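# Observations on chain architecture
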Amino acid sequence: MAKNYAKLYPRDLFVGVSGSVGKTTCVQAAALVLSQKFKTLATTPNLDPVLNIPITILRLNPSYQKAIFEMGIEYPGEMDFYLSLIKPKIVVITRIAVAHSEFLGDLEKIAEEKGKLIEQLPADGVAILNWDDVQSKKLAQKCKGTVIFFGSDHNNCLLWASNVKTENFRTAFELNLGVERVKVNYKLLGSHQVYPALAAATLGVVCGVPLTKIKIGLEQLEPFEHRLQPMIGPNGSVILDDTYNASPQAVQAAIDTLLEVPARRRVLVLGEMRELGKYSEREHRSIAQKIHKEKIDLVFLGQGDANIIAEELLNLGFLEERLEANLQNSQLVNKLLKTLGKGDICLVKGSRAVRLDEVVKRISKKQ
């Protein structure tokens, strides 16, 4: 039904957004940006894309001028299914990285699958790609249409970001387009959040939205629940609730964000990263190496493959008194209530299945 209904609409109505990280944020930011000029429809955050895309198609009516679809993949062939429903004339790729499932653990395979989205573009189509991401940049070779880059390089990007700063648990940056420049006070926390904002802004420029209006759209985006959401913690501490899910790339970015925020002590609570298949041990050890390198003050680890992180930390010489591992969620709650104090920033992250959101709920309240 959705496939037949989509045929009633012109191809240039459709925008497809894909990538391993940042695609949901990009879709929502892009909807706010394009809404400054067009009546815009977008897929719903966090809904299974296999259902989300056809449901969104069936919500269309002739009054809509743009429709943005999140086209995430977890298994081979999923992109073929999406492209049987719609063929976007504009495609945005946020970033390609190791994500969930054994299939997605291979960057070449995921790039190949997402490359189908680029290959289907017509000669007058547009691919918006991340210049700073090697795998995304390679996809330019598959495009028959126009390729436009975003990123941090002013020589190669249509839009680029500069002076990225963390201020009051938000991210401020300058958005540059040629000689034009605006400062964006972005409500989302973390310098990695700038990339989906840049992708959305570049889409806005391609669709003729002025830079001043793009700024307005980006600044309207609210933080997503359980995605680096600041919460009031025990004894004057602050909790960064990032419990929505966990992939290696996302955990690395979350730790970087923890380092960006001024703190008396930086405390890290990690659950295992699931659905990594044969890559699980390698990726958990990589996270341990990141923690050791960045000298995190205190580390509390859950069970399962999170114990690999503990093992690697001790092998690296991480001080035992700064580490506690193999903790159940109830034990994590007790440890944090006793340990956290004024000026501490505590990041909590893990795969959704380990339910660390329940830990956050018991030790915090919204700011």
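Computed from a predicted model, the values in this text were never measured in an experiment.

### What to know about the side chain of E113
By the secondary structure assignment, E113 is in helix α5 (residues 107-119). Of the residues examined, E113 reaches a relative accessible area of 5% and is grouped as buried. Reaching out from E113, the side chain makes a polar contact with the backbone nitrogen of M79 at a distance of 3.3 Å.

### Comments concerning the pattern of salt bridges
Pairs can form between side chains of opposite charge whenever their charged atoms are close. Going through the model one piece at a time under the given rule, you end up with 21 salt bridges. Residue E119 is joined to K142 by a salt bridge in which the shortest nitrogen-to-oxygen separation is 3.4 Å. Residue E119 is found in helix α5, and its partner K142 is found in the loop between α6 (134-138) and β6 (146-151); the two are separated by 23 residues along the sequence. Exposure remark for E119: the relative accessible area of 37% places this residue in the partly exposed category. The class of K142 is partly exposed, set by a relative accessible area of 31%. With a shortest N-O distance of 3.3 Å, E294 and K290 are connected by a salt bridge. Here E294 and its partner K290 are both found in helix α10 (residues 280-294), four residues apart, which amounts to about one turn of the helix. Among the residues examined, E294 registers a relative accessible area of 23% and is labelled partly exposed.

### Section: the sheet that holds strand β5 (residues 126-130)
The strand order across the open sheet formed by nine strands is β2-β3-β1-β4-β5-β6-β7-β8-β9, and the pairing between neighbours is mixed. Looking at the sheet topology across the chains shown, the edges are occupied by β2 (40-42) and β9 (180-186). Neighbour-to-neighbour, the strand axes of the sheet open up by a mean angle of 20°, direction not taken into account. Pairing of strand β1 (residues 14-18) with strand β4 (residues 90-93) involves four bridges; the strand directions are parallel. Residue pairing across strands places V15 opposite I90, the latter belonging to β4. Sheet strands touched by helix α8 (residues 211-219): β8 (170-177) and β9. Its angle to β9, the strand with the most contacts, is close to 10°.

### Examining the confidence of the model for the protein
Chain-level pLDDT for the protein is 92 on average; 96% of the residues reach the 70-or-more range. Below a pLDDT of 50 lies the segment residues 100-105, which in the model reaches 29 contacts outside its immediate sequence neighbourhood of four places, other chains included.

### Thoughts on the environment of V126
Tracing the backbone shows V126 in strand β5. Among residues more than four places away in sequence, those in contact with V126 are K89, I90, V91, L121, T146, I148 and V206.

### Brief notes about the packing of aromatic side chains
Between two aromatic rings, the relevant description is the distance of the centres plus the angle of the planes. Taken as a whole, this structure holds five aromatic pairs when the rule is applied. The residue whose ring lies beneath R227 is Y244, and the NZ or CZ to ring-centre distance is 3.9 Å. Note that R352 overlies the ring of Y244, its terminal NZ or CZ placed 4.3 Å from the centroid.

### With respect to unusual backbone geometry
With phi around 55°, N168 is a residue other than glycine that occupies positive phi space. Exposure remark for N168: the relative accessible area of 74% places this residue in the exposed category. One non-glycine residue, R355, adopts positive backbone phi at about 55°. Secondary-structure assignment places R355 in the loop between β15 (344-349) and α13 (356-363).

### A look at empty space enclosed by the protein
The final tally for this structure, using the stated rule, is one cavity of 30 Å³ or more. By volume, the largest cavity amounts to about 40 Å³. Forming the walls of the largest cavity are A246, V251, L270, G271, M273, H284, I287, I309, K349 and G350. Its residues placed into classes, the lining of the largest cavity shows six nonpolar, three polar and one charged.

### Remarks on the side chain of T243
Following the sequence through the fold, T243 ends up in the loop between β11 (238-242) and α9 (248-260). Those residues within four positions of T243 in sequence are excluded, and the remaining contacts are H226, V348, G350, R352, L356, D357 and V360.

Rules used in this analysis
Residues numbered from 1 in each chain as written. Predicted model: local features only at pLDDT ≥ 70, side-chain atom pairs only at ≥ 80, totals over all residues. Heavy atoms only, no water. Helix = DSSP H or I, 4+ residues; strand = E, 2+ residues; numbered from the N terminus. Buried < 20%, exposed > 50% of the residue type's maximum accessible area, 1.4 Å probe, protein only. Polar contact = N/O pair within 3.5 Å; in protein donor to acceptor, adjacent residues only side chain to side chain. Salt bridge = Lys/Arg side-chain N within 4 Å of Asp/Glu carboxyl O. Pairing = 2+ DSSP bridges. Axes fitted to C-alpha atoms, helices over the stretch in contact; angles between N-to-C directions. Contact = heavy atoms within 4.5 Å. pLDDT = per-residue confidence, 0-100. Phe/Tyr/Trp six-rings, centres within 6.5 Å; stacked < 30°, edge-to-face > 60°. Lys NZ or Arg CZ within 6 Å of the ring centre and 35° of its normal. 1 Å grid on protein atoms, 1.4 Å probe; cavity = no way out; pocket = protein on both sides within 12 Å on 5 of 7 lines; lining within 4 Å. Points joined across faces, edges and corners; volume = space filled by probe spheres on them. Nonpolar A, V, L, I, M, F, W, Y, C, P; charged D, E, K, R; others polar.

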